[in-house]
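Topology and contacts: notes
Below, each chain spelled out in residue letters.
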Amino acid sequence: MNVILKIAKTHLLSKPKQTLVAMLGVTFGIGMFIMMISLMTGLNNFTEDLTKIASADIRIYKDVTEPRATLLDRIRPEGLNLVHHVKPKNESDKIRNARQIADLLRQDPEVIGVAPRLTSQVFYNFGPVKLNGSVAGVDILEEDKLFDLHSKIKAGSLAALKTTSNGLIIGSGLAKKLSAQVGDLLMVTTPQGVIYTMKVVGIFQLGLGEIDNVRSYANLATVQKLLGKDASYITDLNLKITNYREAKAKAQAIQAAYGNKAEDWETANATLLAGAIIRDIMTYSVSITLLIVAGFGIYNILNMTIYSKMKDIAILKATGFAAKDVTGIFLTQSLIIGLIGSLMGLVVGFVFSLLLAQVPFDGGELLALDSLPISFDTKYYIIGIVFGVLTTAVAGWMPSRKAGKIDPIEIIRGI
């Protein structure tokens, strides 16, 4: 084995330019793989984080649009009934026994937090202008467990909302539109025409313009009072569970147990997540193509090496080297090229990824994004080096096997 390694090393060093070109082919393939997978994974992680900001793991609500049996179906269940353009009756979207359901869910070991919510569309009065938005009535401490709101506060505090009955925590985009700061008073008008004076006690920034530009948080009791509802009026229960990947199955179980609609975060954000899957497919397709192209380069270079080393192969076989030994020499060359090229590719990929992470990026008003999101997950570097070595090993195996089958007598006759 030591002799085979020395001969392989001699062959590689005898033509350094050819060896370097082969290594650079692997380096380029692995480097581009790392850079692309880091960028795409970072973008997908960022997209998934946005979905987690926009929605809870599971949302429980009353779905008034859900199909249900008509009065005619109930009276004549055996008949052939056709009712066109059915509309829901005038019913409340309140969850019955919401607080009791929340208490029961909190006893579930898989549930980390349950946050009741009552959301209303409102108009924020800005002089003669009325800005459209929404106010979410919440238990701010429970809401913080689900969405980590305290880390998103740019001014003021969550605790101030708890102690201020007419307090309001507004989004950074909304604060900019209203020229509002902590301590300012805002006039809020409900769709029913009720005008209420609210005090800004905090400003948050989730990083998603669709929320930051329109949403504000108030105490649940305040919004119930604003809408003229009693203390039991709750329209949503937001849940955070221990494993958010199991949210779909958990939502189905909750819906079956309590009868209300339970929507998991994946269903609520299916469009965004479909885009992430497509990006993953494109990333892996391009990356694998780069590695295969690098493998063909290794194959061609080793093929040329074998033809240029015909005399050496004849001498080796004539002096007692078996076919498997000759195959081992050229396969060893391939593995050395693959290993060194892959290691260089990891370094190049890491450097390029690091540079990309420093590139300024303006997310505009919709996204609070200062630079490109890059993932430095170790598993992709492991995949890169394993795939790089395997690709070069497969690319080198065919010409190496061919070298082992060469008849030394034919070569010597041709000299």
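Keep in mind the model is a prediction, meaning the values are calculated, not measured.

1. Digging into the overall build of the chain
- Regarding its fold elements, the chain presents 16 helices and 10 strands.
- Looking at the chain as a whole, 45% of its 415 residues qualify as buried.
- Restricting to contacts in the chain with at least 6 residues of sequence separation, those with at least 24 account for 76%.
- Per element, the accessible surface of the chain, about 22,100 Å² overall, is 62% carbon and sulfur.

2. Brief notes about the side chain of Thr235
- Tracing the chain through its elements places Thr235 in the loop between helix H9 (220-226) and strand S9 (236-241).
- Of the polar contacts made by the side chain of Thr235, one reaches the side chain of Asp236; its length is 2.9 Å.
- In contact with Thr235, not counting residues within four places along its chain, are Ile60, Tyr61, Lys62, Asp93, Ile95, Arg117, Leu118 and Thr119.

3. A short note on the packing of aromatic side chains
- Evaluation of the coordinates by the stated rule reveals four aromatic pairs.
- Considering the side-chain rings of Phe204 and Tyr217, the 5.3 Å spacing of their centres and the 55 degrees angle between planes classify their relative orientation as tilted. With Phe204 in strand S7 (residues 195-204) and Tyr217 in strand S8 (residues 215-219), this pair connects stretches of sequence that are 13 residues apart.
- An aromatic cluster of three or more residues is present, and its members are Phe350, Phe376 and Tyr381.
- Sitting over the ring of Tyr61, Arg59 keeps its end group 3.9 Å from the ring centre.

4. Re the pattern of salt bridges
- Under the criterion given, the structure shown has eight salt bridges.
- Across the pair Glu142 and Lys145 runs a salt bridge whose closest N-O atoms are separated by 3.7 Å. Taken together, the residues Glu142 and Lys145, both in helix H5 (residues 140-147) and three residues apart, mark about one turn of the helix.
- When its relative accessible area of 14% is taken as the criterion, Glu142 is described as buried.
- On the basis of relative accessibility, which here comes to 47%, the residue Lys145 falls in the partly exposed class.
- Its salt-bridge partner being Asp264, residue Lys248 comes within 3.9 Å of it at the nearest N-O pair. Taken together, the residues span a long stretch of sequence, with Lys248 in helix H10 (residues 247-258) and Asp264 in strand S10 (residues 261-264) at a distance of 16 residues.

5. A closer look at a nonpolar patch on the surface
- Together, Val347, Phe350, Val351, Phe352, Leu354, Leu355 and Phe376 line one region of the surface with nonpolar side chains, adding up to about 590 Å² of accessible area.
- Tracing the backbone through its elements, the reader meets Leu355 in helix H14 (residues 323-358).
- Residue Leu355 is classed as exposed on the basis of its relative accessible area, which comes to 52%.

6. Let's talk about the pairing of S8
- A large share of S8 lies buried, amounting to five of its five residues.
- Note: strand S3 (residues 129-138) against S8, five bridges, orientation parallel. Residue Val135 lies in a different strand from S8, and its bridge partner there is Ser216.
- One ladder, built from two bridges, connects strand S5 (residues 167-171) with S8; its direction is antiparallel. Looking across to S8, one finds that Ile170 is bridged to Ser216.

7. Side note on the confidence of the model for the chain
- The share of residues in the chain with pLDDT of 70 or more is 88%, and the mean pLDDT across the chain is 81.
- Within the chain, the element-level pLDDT minimum falls on helix H16 (residues 408-414), averaging 63, and the maximum on S5, averaging 93.

8. Things to note about unusual backbone geometry
- Positive phi, close to 55 degrees, is recorded for Asn97, a residue that is not glycine.
- Judged by relative accessible area, which is 49%, Asn97 ranks as partly exposed.
- Backbone geometry at Ser179 places phi at a positive 55 degrees, although glycine is not the residue there.
- Of note, Ser179 is situated in the loop between helix H7 (172-178) and strand S6 (185-189).

9. Looking at the nonpolar core
- Counting residues in hydrophobic clusters, the biggest one holds 40 residues, and the most contacted among them are Ile58, Ile60, Ile170, Leu237 and Leu239.
- Considering each element in turn, this core owes the most residues, five residues, to strand S2 (residues 111-126).
- Other than its neighbours up to four places away in sequence, Ile170 contacts Ala175, Ala180, Leu186, Val200, Gly202, Ile203, Phe204, Arg215 and Ser216.

10. A word on the pairing of S7
- With seven of its 10 residues buried, S7 lies for the most part within the structure.
- When strand S4 (residues 153-156) meets S7, the two strands line up antiparallel, connected through three bridges. Paired with Ala155 across the strands is Ile203, a residue of S7.
- Judged from the five bridges that link them, S5 and S7 form a sheet pairing that is parallel. Within the sheet, the bridge partner assigned to Ile169 lies in S7 and is Gly202.
- Bridge count for S6 against S7 is five bridges, and the pairing is antiparallel.

Here is what the cut-offs are and how they apply
Sequence order as written defines the numbering, with residues in each chain counted from 1. Thresholds applied to this predicted model are a pLDDT of at least 70 for local features of residues and 80 or more for the giving and counting of side-chain atom pairs; totals over whole chains, interfaces and linings are not thresholded and use all residues. The side-chain values count all of the structure's non-hydrogen atoms but skip hydrogen atoms and water molecules. In DSSP terms, a helix is any run of H or I states spanning at least four residues, a strand is any run of E spanning at least two, and both are numbered starting from the N terminus. With a 1.4 Å probe rolled over the protein chains alone, any residue whose accessible area is under 20% of its type maximum counts as buried; one over 50% counts as exposed, and the rest are partly exposed. Should any heavy atoms of two residues lie within 4.5 Å, those residues are counted as being in contact. Method for areas: the Shrake-Rupley scheme with a 1.4 Å probe, in which residue coverage is limited to the protein chains shown. Under the rule applied, a polar contact is a pair of N or O atoms within 3.5 Å (in protein, one hydrogen donor and one hydrogen acceptor; residues adjacent in sequence only if both atoms are side-chain atoms). A pair of aromatic rings is counted whenever rings of Phe, Tyr or Trp (Trp by its six-membered ring) have centres within 6.5 Å, and the orientation is called stacked for planes under 30 degrees apart, edge-to-face for over 60 and tilted otherwise. Lysine and arginine charges are scored as sitting over a ring when NZ or CZ, respectively, is within 6 Å of the ring centre and within 35 degrees of the ring normal. Salt bridge, as used here, is a side-chain nitrogen of Lys or Arg placed within 4 Å of a carboxyl oxygen of Asp or Glu. Only residues above 30% relative accessible area that lack a salt bridge enter a patch, with like-charged residues linked at up to 9 Å and the nonpolar side chains Val, Leu, Ile, Met, Phe, Trp and Tyr linked at up to 5 Å. Strand pairing is assigned whenever DSSP detects at least two bridges linking the two strands. Note on scores: pLDDT gives the predictor's confidence for each residue, bounded by 0 and 100. Buried Ala, Val, Leu, Ile, Met, Phe, Trp, Tyr and Cys residues form a nonpolar core when they are joined through side-chain atoms within 4.5 Å.

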